[in-house]
Amino acid sequence: FEISTGYRQITGVGAQNETSIQKDFGLFNVGASMQYSGVGSAVNGAEAQVGYALVQHFDTEIDLNVRGGFGMNAQSVRAGVIEPGLVIKKLQTSNTATELGISMPCYFKGKFNNTPTFLVAEVIRF
């Protein structure tokens with residue numbers, strides 16, 4: 001089980017904080033995340049996640065995942081979203097890791113997004 005919090009850059013929307021949880025089942029994982037603009041701000045997006053660990057080697061893990069839920073697109077329209085992504089996790093200690101990710105959100109409303117989203121986060125594992 002792990003909890004992460006970090007910085008998410010969404011082009012056209014601006015910087016957001018992200019908090020997520022994830023539970024691993026062997027090479028598979030499930031999780032959820034929410035995005036917000038800062039402490040005390042409204043939630044800008046929430047997504048459920050399923051994923052698969054493509055690589056687990058020593059202290060490095062590469063996950064391929066798909067998220068789905070709702071979010072705010074570049075035109076500031078709240079819409080449904082499907083977001084495939086790739087995440088690299090590097091263990092710093094036995095209970096903490098740094099996470100770098102890239103994803104491509106596809107919104108159900110508004111102009112088609114052709115710009116990726118970037119994520120940098122710190123992970124705590126239990």
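What you see is a predicted model, and the numbers here were worked out from it, not measured in a lab. The numbers attached to residues start from 1 for each chain and follow its sequence in the written order. At least 70 in pLDDT is required for a residue's local features to be given in this predicted model, at least 80 for side-chain atom pairs to be given and counted, and no such filter applies to totals for whole chains, interfaces and linings, which use all residues. As a rule here, side-chain values come from all non-hydrogen atoms in the structure, and water together with hydrogens is ignored.

**Describing the pattern of salt bridges**
So, point 1. Salt bridges, as used here, are contacts in which a Lys or Arg side-chain nitrogen is within 4 Å of a carboxyl oxygen on Asp or Glu. Inspection of the entire model under this criterion finds 10 salt bridges.
So, point 2. Residues Arg125 and Glu61 are paired through a salt bridge, measuring 3.7 Å at the closest nitrogen-oxygen approach. You can see Arg125 sitting in strand β9 (residues 117-125) and its partner Glu61 sitting in strand β5 (residues 60-72), a full 64 residues away along the chain.
So, point 3. Each of Glu2, Glu61, Asp63, Lys89, Glu99 and Arg125 takes part in salt bridges that share partners, so that together they form one network. A run of DSSP states H or I qualifies as a helix once it reaches four residues; a run of E qualifies as a strand once it reaches two. Both are numbered from the N-terminal end.

**Some thoughts on the packing of aromatic side chains**
So, point 1. To pair, rings of Phe, Tyr and Trp, with the six-membered ring standing in for Trp, must have centres within 6.5 Å; the planes then decide the type, stacked if under 30 degrees apart, edge-to-face if over 60, and tilted in the middle. Following the criterion strictly, the structure yields 2 aromatic pairs and no others.
So, point 2. Here the aromatic rings of Phe1 and Phe126 are separated by 6.0 Å at their centres, their planes lie at 35°, and the arrangement is tilted. Residue Phe1 is located in the segment before β1 (2-10), and its partner Phe126 is located in the segment after β9; the two are separated by 125 residues in the primary sequence.
So, point 3. Between buried and exposed lies partly exposed: a residue is buried under 20% and exposed over 50% of the maximum accessible area for its type, with that area taken using a 1.4 Å probe on protein chains only. The exposure class of Phe126 is exposed, given its relative accessible area of 67%.
So, point 4. Here the basic side chain of Lys23 rests over the ring of Phe25, its NZ or CZ set 5.7 Å away from the ring centre. In this scheme, Lys NZ or Arg CZ marks a charge over a ring once it lies within 6 Å of the ring centre and within 35 degrees of the ring normal.

**Topic: the pairing of strand β3 (residues 28-36)**
So, point 1. Summarising the sheet, strand β2 (residues 14-25) and β3 pair through 9 bridges and their orientation is antiparallel. Residue pairing across strands places Lys23 opposite Val30, the latter belonging to β3.
So, point 2. As paired strands, β3 and strand β4 (residues 43-57) are joined by 9 bridges and run antiparallel to one another. Bridge pairing in β4 links Gln35 to Gly45.
So, point 3. Two strands pair under a simple rule: DSSP has to find at least two bridges between them. The turn joining β3 and β4, which pair antiparallel and follow one another in sequence, is formed by 6 residues; a positive phi near 85° is taken by Gly40.

**Brief notes about the environment of Ile88**
So, point 1. Within the secondary structure layout, Ile88 lies in strand β6 (residues 78-91).
So, point 2. Relative accessible area serves as the criterion here: at 40%, Ile88 is assigned to the partly exposed category.
So, point 3. When the C-alpha atoms of Ile88 and Ile62 are compared, they prove to be 4.5 Å apart, with 26 residues separating the residues in sequence.
So, point 4. In what follows, a contact means two residues having at least one pair of non-hydrogen atoms within 4.5 Å. Residues in contact with Ile88, not counting those within four places in the same chain, are Thr60, Glu61, Ile62, Thr98, Glu99 and Leu100.

**Re unusual backbone geometry**
So, point 1. Although it is not a glycine, Phe58 sits at a positive phi angle of roughly 55°.
So, point 2. Here Phe58 lies in the loop between β4 and β5.

**Re the environment of Leu91**
So, point 1. Note that Leu91 resides in strand β6.
So, point 2. For Leu91, a relative accessible area of 27% puts it in the partly exposed group.
So, point 3. Taking C-alpha positions, Leu91 is 6.5 Å from Thr60, a pair spaced 31 residues apart along the chain.
So, point 4. The residues contacting Leu91, other than those within four sequence positions of it, are Asp59, Thr96, Ala97 and Arg125.

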